[in-house]
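Summary of structural features
Spelled out from the first residue to the last, the chains are:
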Amino acid sequence: MSEPFKTLERAPRDSRHPLAEILDAVGFNESGLIPAIAQQHDSGEVLMMAWMNHEALEETLHTGRVCYWSRSRGKLWRKGESSGQQQHLKSAALDCDGDTLLLQVEQTGPACHTGRRSCFYVALENDEARITAEPLIDPDTLYGSGKG
């Protein structure tokens with residue numbers, strides 16, 4: 001854990017700390033990424049997990065539109081740029097170690113590329129996996145035929 005996060009452990013409620021100092025201390029992994037969990041701000045529903053690099057995090061904080069790092073494409077991915085299903089940031093928080101983000105968002109439509117509201121629709125129960133949600137929108141409608 002970095003020194004700034006050790007200092008924050010004993011910081012009083014509502015104390016303020018320079019954002020640049022905290023962002024410089026974020027625990028990005030060896031690929032320069034940090035996991036970001038997106039949660040619907042008003043319902044608490046966990047929508048998805050994706051990755052952010054420093055640039056995506058700064059863009060998200062400055063624009064209010066959630067931006068991730070696409071590992072498969074090797075570039076910034078502004079949520080909804082191809083599907084129209086955007087995420088607008090309501091608040092962002094780091095965990096105590098500074099190595100995981102929790103984003104409170106306003107999600108328009110489905111968050112999942114499968115057309116479901118949440119990416120977490122496969123329940124693991126006893127000796128089975130059960131699908132817990134139907135797509136809200138057909139993925140071919142979201143992305144065009146042949147794209148997932």
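Keep in mind the model is a prediction, meaning the values are calculated, not measured.

**Some remarks on the nonpolar core**
Considering soluble globular proteins, one finds that nonpolar side chains tend to be buried as a cluster. One finds Met48, Met52, Tyr68 and Leu103 to be the most contacted residues of the largest nonpolar core, which totals 20 residues. Counting only elements with at least two residues in this core, the list comes to strand S1 (34-40), strand S2 (46-52), helix H3 (54-63), strand S3 (67-70), strand S4 (75-78) and strand S6 (101-107). Considering each element in turn, this core owes the most residues, four residues, to S2. Leaving out residues up to four positions away in the same chain, leucine 103 has contacts with Ala36, Ile37, Ala38, Gln39, Met52, Val66, Tyr68, Leu89, Ser91 and Ala92.

**Describing the packing of aromatic side chains**
Counted according to the given criterion, the structure contains one aromatic pair. The ring of tyrosine 121 is capped by arginine 116, whose NZ or CZ atom sits 3.9 Å from the centre of that ring.

**With respect to the layout of surface pockets**
In this structure, the largest pocket spans a volume of roughly 410 Å³. Along the walls of the largest pocket sit 20 residues, with Met48, Ala50, Arg73, Trp77 and His113 positioned nearest its centre. Broken down by secondary-structure element, the contributors of at least two residues to the lining of the largest pocket are S2 and S3. The element that contributes the greatest number of residues to the lining of the largest pocket is S2, accounting for four residues. Residue composition of the lining of the largest pocket, by class: nine nonpolar, seven polar and four charged. Empty space within the second largest pocket amounts to approximately 300 Å³. Along its surface, the second largest pocket is lined by 15 residues, and Leu19, Ile22, Ala92, Ala93 and Leu94 are the ones closest to its centre. At the level of elements, helix H1 (3-9), helix H2 (19-25), H3 and strand S5 (87-94) are the ones that each hand at least two residues to the lining of the second largest pocket. Classifying every residue of the lining of the second largest pocket by side-chain character gives 13 nonpolar, one polar and one charged.

**Overview of the sheet that holds S6**
Across the sheet, four strands lie side by side as S2-S1-S6-S5; this open sheet has mixed pairing. The open sheet terminates on both sides in strands that have one partner only, identified here as S2 and S5. Put simply, the sheet's adjacent strands are angled 30° from each other on average, direction ignored. Sheet analysis places S5 next to S6, joined by seven bridges and oriented antiparallel. Its bridge partner lying in S6, histidine 88 is registered against glutamate 106. Sheet strands in contact with H3 are S2, S5 and S6, and its direction is about 125° off that of S2.

Reading the values: rules and limits
- Residues numbered from 1 in each chain as written.
- Predicted model: local features only at pLDDT ≥ 70, side-chain atom pairs only at ≥ 80, totals over all residues.
- Heavy atoms only, no water.
- Core = buried A, V, L, I, M, F, W, Y, C linked by side-chain atoms within 4.5 Å.
- Buried < 20%, exposed > 50% of the residue type's maximum accessible area, 1.4 Å probe, protein only.
- Helix = DSSP H or I, 4+ residues; strand = E, 2+ residues; numbered from the N terminus.
- Contact = heavy atoms within 4.5 Å.
- Phe/Tyr/Trp six-rings, centres within 6.5 Å; stacked < 30°, edge-to-face > 60°.
- Lys NZ or Arg CZ within 6 Å of the ring centre and 35° of its normal.
- 1 Å grid on protein atoms, 1.4 Å probe; cavity = no way out; pocket = protein on both sides within 12 Å on 5 of 7 lines; lining within 4 Å.
- Points joined across faces, edges and corners; volume = space filled by probe spheres on them.
- Nonpolar A, V, L, I, M, F, W, Y, C, P; charged D, E, K, R; others polar.
- Pairing = 2+ DSSP bridges.
- Axes fitted to C-alpha atoms, helices over the stretch in contact; angles between N-to-C directions.

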